[in-house]
Every structure is written in structure tokens, then in C-alpha cells.
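A structural walkthrough
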Amino acid sequence: MDIVLLMVLAMSVGPLVIATAIRFLLLRNTTPLGRLVAILTVIAGLLPAAGAILPMLSSWIPLIPLSLDLAILAAVPLALGIVAMPLLMVPPRRVHTGGVAALNRRHMRRFVPVRWTWLLLALVVLVLVPTIAAGAASSRDEYGHYTLYRTSLGTTRIATRIYGWHYSVPSLIMLALLLAMIFAALFVITSRAWDDDIEADAAVRRLRAANVLRIGGGAILLHLFVILQSIAGTAGLRGAATTTELGTVAMGTPFAALQPWLFWMSLAAFVVGLTLHLLTALMAIPARRVATASRS
């Protein structure tokens, strides 16, 4: 079997194993979701996960003839994250039996841990830094688009494709939309009126808010995977120049030494991002039922 296919399968199966372990070993005591919310949560998790895996399998599955432009590849994870947000906003069925109205405050900070907010902001910074750096290093191609990275030694010039402004600007717009959708989803989840059982309702809201942040973080990480893969490919640019003093001299990019780091960082971003999507889908499965079924 092709070693690249084995790597793709490992990158797909590994996150599923990790997500399953986290769900049923570390997060097994979470509050179950209602049927409708659970179904929509599964769809919201599996849709962006499939969008990440299918392009990588397109070379081996004839029924998936995907040859996408770099701008589309970079924007797809963010777009699927945006599509998933309305699915996570659908409110559960109200549990209301009458009685005293609840006066507890429903501000967003009660359901969204501060560490999740900082983590999401850190992911945004991790995307913006290589995006801006690659855009600044890009130059125009024959169509006037900033898609090329050029380097030269004497009169010899070599060029290759880079994640320049032409590819990154659409994704920057999608990233802003994704962040807006994350905020909207958290607002809808946290501002809804209380059910009668406030403690259970609060637990469900915390779980749903965490799912929103997992999907958002996973989408950003899968987008980062595409960026780092592109820059790693650019870092591997090689050429040769002929000089009168030294003869033939090999030439490359000033950041060629970063290529292995960029490659492995991109794989880490893919694995963690896919794990977050799959974990979100698994959070819709009540862990207690699975444990009861296994004991039976």
C-alpha cells in the first residue's frame, strides 16, 4: 500500500481513537443532550470532519475527483465551520412545568470558560502570523495575482507557489465570519430562558457552548494545516545557479531549515483539529448508555 495513503489513514483513524478515549474516559459524566440537539451535534461534527478527510483521499478514490485551488482548500475548513454553527444553535425542547420564574443571570461568562476564549484567540494569532508573513513574501504572477515566491542568486531566479494574498484574503474574510458565528452561537445558547431544572439546563448550556468552541477551534486548526502545508512546500524550493568562481551552486529559500518543522506542525494541527470535530460528534452520545450496553 502507498505510504502516503497509510499516513492519510493514520491521520484519520488516530483522531477518532483519541476523540473516543477523551469522550468515554475523561468526559463520560457529561449531561445528555436532547434527541434533536444530539442529532444536529453529530452532523455538525461529522460534516467538517468529512470535509477534511475527503480531499486527502481524492487521489485514491475515483469517485472523489477533487483538484481544488489553494484558496478553496484553505477556505473549506472555515466554511464548513460556519455551516456547522447554525446546527449548534438550534434550541432544545423546553422543559417547563410552570412555577416560579428563574431570576439567575444568564451571561456568557457563566458558560464559557476563560481558557477557551484565550485558546481561541491564540489559534487566531497562529493563523494570522504565517498568513501575513506569506502574504508579505509573495509576489505577482503573470496574471497580477500575489501567488508566487521568488528567490535569486546572481542572474538565476527560481519561483514557486506560496500562500500569498491572492489565496489568503478570501480565508481571512471567512475567518472573520466564523468568529462572528461563534459569538452568535454562544449568545443564542446562553441567552435562552431557563428551564425549570436550572442546574441541568446550565450543564447542557456549558456542553453546547463547549461544542461550539470545539467546532470553531477545529475549523481554524484545519485551516492552519493547509497554510503550513503550503509554506512547507515553498520552503522546499530548490534550484541551482552557475557561477564563474564556484561553478554550480545549489540554492533554496532562506527558511528552508524550517520545512520539517512546518510539515510536522501542519500534521499536528490536522490531528488536533479533526479530533475536536470528532469529539463534538461523540459528545452527542450519552456515555452512560454506552457503558450500560457494554456491561450488558
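Computed from a prediction, not measured in an experiment: that's the story for all the values here.

So, the nonpolar core
One recurring pattern in soluble globular proteins: nonpolar side chains tend to sit buried together. Grouped together as the largest cluster of nonpolar side chains are 67 residues, with contacts concentrated most on Met85, Leu178, Ile182, Val212, Ile220, Phe225 and Phe270. When residues of this core are traced back to their parent elements, those giving at least two are helix H1 (3-26), helix H2 (35-57), helix H3 (70-89), helix H4 (114-137), helix H5 (165-191), helix H6 (198-235) and helix H7 (259-282). At 17 residues, the largest contribution of residues to this core is made by H6. Apart from the residues lying within four places of it in its own chain, the contact partners of Phe270 are Met11, Ala52, Met56, Leu222 and Phe225.

Some remarks on the environment of Leu123
By secondary structure assignment, the location of Leu123 is in helix H4. A relative accessible area of 11% means that Leu123 is categorised as buried. It is 8.7 Å that separates the C-alpha atoms of Leu123 and Leu224, two residues lying 101 residues apart in sequence. Leave out the neighbours within four places in its chain, and Leu123 touches Gly217, Ile220 and Leu221.

Looking at the packing of H4 against H5
At a minimum axis separation of 10 Å, H4 and H5 run at an interaxial angle of 165°. Classified by the angle between their axes, H4 and H5 sit roughly antiparallel to one another. Here the hand of the crossing between H4 and H5 comes out left-handed. Along the contact surface, H4 presents Leu120, Val124, Val127, Leu128, Thr131, Ile132, Gly135 and Ala136, while H5 presents Trp165, Ser168, Leu172, Leu175, Leu179 and Ile182.

Details of a nonpolar patch on the surface
A cluster of nonpolar side chains, Leu128, Ile132, Trp165, Val169, Ile173 and Leu177, forms an exposed patch at the surface whose accessible area comes to about 500 Å². Of all the secondary-structure elements, those providing two or more residues to the nonpolar patch are H4 and H5. No other element matches the four residues that H5 contributes to the nonpolar patch. Residue placement: Leu177 occurs in helix H5. Leu177 gets classed as partly exposed once you look at its relative accessible area, which sits at 44%.

Examining the packing of aromatic side chains
For the structure on display, the rule yields two aromatic pairs. With a centroid separation of 5.2 Å and 75° between ring planes, the pair formed by Phe263 and Trp264 is classed as edge-to-face. Accessibility expressed as a relative area gives 28% for Phe263, which makes it partly exposed. Taking NZ or CZ as reference, Arg161 lies 5.8 Å from the ring centre of Tyr167, over its face.

Calculation rules
Residues numbered from 1 in each chain as written. Predicted model: local features only at pLDDT ≥ 70, side-chain atom pairs only at ≥ 80, totals over all residues. Heavy atoms only, no water. Core = buried A, V, L, I, M, F, W, Y, C linked by side-chain atoms within 4.5 Å. Buried < 20%, exposed > 50% of the residue type's maximum accessible area, 1.4 Å probe, protein only. Helix = DSSP H or I, 4+ residues; strand = E, 2+ residues; numbered from the N terminus. Contact = heavy atoms within 4.5 Å. Axes fitted to C-alpha atoms, helices over the stretch in contact; angles between N-to-C directions. Parallel < 35°, antiparallel > 145°, perpendicular 65-115°, else oblique. Left-handed = near helix turned anticlockwise from the far one by under 90°. Patch = residues over 30% accessible without salt bridge, like charges linked within 9 Å, V, L, I, M, F, W, Y side chains within 5 Å. Areas by Shrake-Rupley, 256 points an atom, 1.4 Å probe, with all protein chains shown as cover. Salt bridge = Lys/Arg side-chain N within 4 Å of Asp/Glu carboxyl O. Phe/Tyr/Trp six-rings, centres within 6.5 Å; stacked < 30°, edge-to-face > 60°. Lys NZ or Arg CZ within 6 Å of the ring centre and 35° of its normal.

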